[in-house]
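Now for the letters of each chain:
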Amino acid sequence: MHLSMWSYPWDLDDLGLDAAIAELSGTAALNTISLATSYHAGRFLQARSPVRKAYFPEDGTIYFKPDPVAWDGVRVVPQVASIVERRDVLRELVQRRDAGGMAVSCWTVCLHNTRIGMLYPDIVTRNAFGDPNYYNLCPSHPDARAYVRAVVGDVTRNYRPDVIELESPCFMGFAHEYHHEKDGVGMSAEDDFLLSLCFCDACLDRAAKAGVDGRKAQATVKRWIVEACEREVPAPRFPDFPAAGLDVFRPFPEVHDYLMWRFEPVTSLVAELRDVADPATKVYLIDLKDGWLGGCDIAAIGKVCDGAILCAYWMDAAATGALMREGRAALGPDKFLGAGFRVFYPEMPGPEELAARSRAAIAGGANGINYYNYGLIPQKRLGWIRRAVEGLGG
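1. Comments concerning empty space enclosed by the protein
Applying the stated criterion across every chain yields a total of one cavity of 30 Å³ or more. Quantified by volume, the largest cavity comes out at close to 40 Å³. Lining of the largest cavity is provided by Pro-9, Tyr-63, Ile-83, Val-84, Arg-87, Asp-88, Val-89 and Leu-90. Listing elements by their share of the lining of the largest cavity, those giving two or more residues are helix H3 (83–86) and helix H4 (89–98). A per-class count over the lining of the largest cavity returns six nonpolar, no polar and two charged.

Here it is in structure tokens:
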């Protein structure tokens, strides 16, 4: 069973690789480490680090040494995080794996990259008004796709991890904790979704080639957003959204057709990433319950890669089990299905709840579990994970 913990290279460096691996494999009883190998910016409370208690990672960088050959002809080139210049944590983990140590998974953020978005604004998603979302490279844009293909091909073929986990190879929401986001309107889930829809030239061109008129959809969405901004107080046009899914848009065929097409750029990108990855490396998608909001069709994606990890954040045991059953039904019996849990308080109130949710995940059809995040939680919570793992019965 795949039992892993999402971890950052800087935490392993601060705590020491020997100590970190001893805790992950011994204290927490895990068999895999999911290391961030491409990551975004943030501000993290470093609960475990003996070096610092607050950390701002470099935005949009990779945590491995790129092979120049893999980037030949690629317009968007990566920036290597400064830690890699003195220590290649991923290489060290792979070497330890080859000597009988923990399995290695590359946790790879794909299209969430503000640094690149600012440098190459022509490749980011754009709303119905043409406003850029700098934090989200567009899955329809050829240069954005080429960048992610190069990342995945490079790290899997030159490091040979057991797994690569793809985070955000899709469209992202409008609200995403960008610096000091302001919303005086009081956006509903519907408003956030409409503002997240991309109508960049790459999307419109790709949709047109599939016989979908994105400009008609754009005009309707644009009108809806204007109306939402002009209301005195929020009043959703679609009260059943998102519970009723995309069916609420059926009375507006120009929008519905565009939303159904929107799955294609994501599914085809994941297929390309499976094709360029080393054949020995498993390729999993990381997704959420309502991944369709970002253009992820789990059933379709499951046909073009090796499986998915569904994050059961803020879900009790019953909801976790239901999510896994839905995931298993979508993926079929043969693909990997993992559950993702944050060991954050109060989301995860104690060891009993973590154990109950972990059991529910496996009972619901999951093949493994990822826990989040090694450097962000107190050391004593690793004991919660061990209790959860021991309760799975192997």
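2. Remarks on the packing of aromatic side chains
In total, this model carries 30 aromatic pairs according to the counting rule given. For the pair Trp-10 and Tyr-63, a centre-to-centre distance of 5.7 Å together with 55 degrees between the ring planes defines the contact as tilted. Of this pair, Trp-10 sits in helix H1 (residues 9–15) while Tyr-63 sits in the loop between strand S5 (61–62) and strand S6 (79–80), and the two are 53 residues apart along the sequence. Each member of the pair Trp-10 and Tyr-63 is classed as buried. On the basis of an interplanar angle of 35 degrees and a centroid distance of 5.2 Å, the ring pair of Tyr-258 and Trp-261 is categorised as tilted. Here Tyr-258 pairs with Trp-261, and both are found in helix H10 (residues 253–261), just three residues apart, close to one helical turn. For the pair Tyr-258 and Trp-261, a shared accessibility class is recorded, and that class is buried. Taking the ring centre of Tyr-159 as reference, the NZ or CZ of Arg-91 above it sits at 3.9 Å. Against the face of Tyr-313 rests Arg-342, its NZ or CZ located 3.9 Å from the ring centre.

3. Let's talk about helix H8 (residues 201–209)
Along H8, the residues that are buried comprise Ala-202, Cys-203, Leu-204 and Ala-207. In this structure, the buried side of H8 is in contact with helix H9 (214–230) and H10. Just beyond H8, the residue with positive phi is Gly-211, at close to 85 degrees.

4. Regarding the pairing of strand S14 (residues 368–372)
The element S14 is largely enclosed, with a buried count of five among its five residues. Along S14, one buried face is formed by Gly-368, Asn-370 and Tyr-372 and the opposite face, lined by Ile-369 and Tyr-371, is buried too. Pairing analysis gives five bridges linking strand S1 (residues 2–7) to S14, with the strands arranged parallel. Looking at the pairing, Leu-3 lines up with Ile-369 of S14. Direction of pairing for strand S13 (residues 336–342) relative to S14: parallel, over a ladder of five bridges. Residue Ala-339 lies in a different strand from S14, and its bridge partner there is Ile-369. For the crossover from S13 across helix H14 (residues 351–363) to S14, the handedness is right-handed.

5. Quick notes on the side chain of Ser-268
Along the chain, Ser-268 turns up in helix H11 (residues 263–276). You can call Ser-268 buried: its relative accessible area is 17%. Here the side chain of Ser-268 touches Pro-265 through a polar contact of 3.2 Å, landing on its backbone oxygen. Setting aside its immediate chain neighbours within four residues, Ser-268 contacts Arg-145 and Arg-206.

6. Considerations on the state of the cysteines
As enumerated under the stated definition, the model contains zero disulfides in all. For the unlinked cysteine Cys-106, the closest cysteine sulfur is that of Cys-110, found at 12 Å. Lacking any disulfide linkage, Cys-200 is separated from the closest cysteine sulfur, that of Cys-198, by 3.5 Å.

7. Description of the packing of helix H7 (residues 189–196) against H9
Interaxial distance between H7 and H9 falls to 10 Å at its minimum, and their mutual angle equals 140 degrees. One way to sum up the angle between H7 and H9 is to call them oblique. You can see that H7 and H9 cross each other, and the crossing is left-handed. Across the interface between the two elements, Asp-191, Leu-194 and Leu-195 of H7 pack against Val-221, Trp-224, Ile-225 and Ala-228 of H9. Per-class residue counts for the contact of H7 with H9 are six nonpolar, no polar and one charged.

8. Considering H4
For an α-helix, 3.6 residues make a turn, and residues three or four places apart therefore share a direction. Where H4 is concerned, the buried positions are Val-89, Leu-90, Leu-93, Val-94 and Arg-97. The buried residues of H4 all sit within an arc of 135 degrees when viewed along its axis, so they share a single face. Looking at the buried positions of H4, the neighbouring elements they touch are H1, helix H2 (17–27), strand S2 (32–39), strand S7 (103–109) and helix H6 (142–159). Downstream of H4 by one or two residues, Gly-100 has phi in the positive range, about 105 degrees.

So, how was this worked out
- Residues numbered from 1 in each chain as written.
- Predicted model: local features only at pLDDT ≥ 70, side-chain atom pairs only at ≥ 80, totals over all residues.
- Heavy atoms only, no water.
- 1 Å grid on protein atoms, 1.4 Å probe; cavity = no way out; pocket = protein on both sides within 12 Å on 5 of 7 lines; lining within 4 Å.
- Points joined across faces, edges and corners; volume = space filled by probe spheres on them.
- Helix = DSSP H or I, 4+ residues; strand = E, 2+ residues; numbered from the N terminus.
- Nonpolar A, V, L, I, M, F, W, Y, C, P; charged D, E, K, R; others polar.
- Phe/Tyr/Trp six-rings, centres within 6.5 Å; stacked < 30°, edge-to-face > 60°.
- Buried < 20%, exposed > 50% of the residue type's maximum accessible area, 1.4 Å probe, protein only.
- Lys NZ or Arg CZ within 6 Å of the ring centre and 35° of its normal.
- Contact = heavy atoms within 4.5 Å.
- Pairing = 2+ DSSP bridges.
- Right-handed = clockwise from strand over helix to strand, strands pointing away.
- Polar contact = N/O pair within 3.5 Å; in protein donor to acceptor, adjacent residues only side chain to side chain.
- Disulfide = S-S within 2.5 Å.
- Axes fitted to C-alpha atoms, helices over the stretch in contact; angles between N-to-C directions.
- Parallel < 35°, antiparallel > 145°, perpendicular 65-115°, else oblique.
- Left-handed = near helix turned anticlockwise from the far one by under 90°.
- Arc of directions from axis to C-beta.

Purely geometric stuff here, so don't read any function into it on its own.
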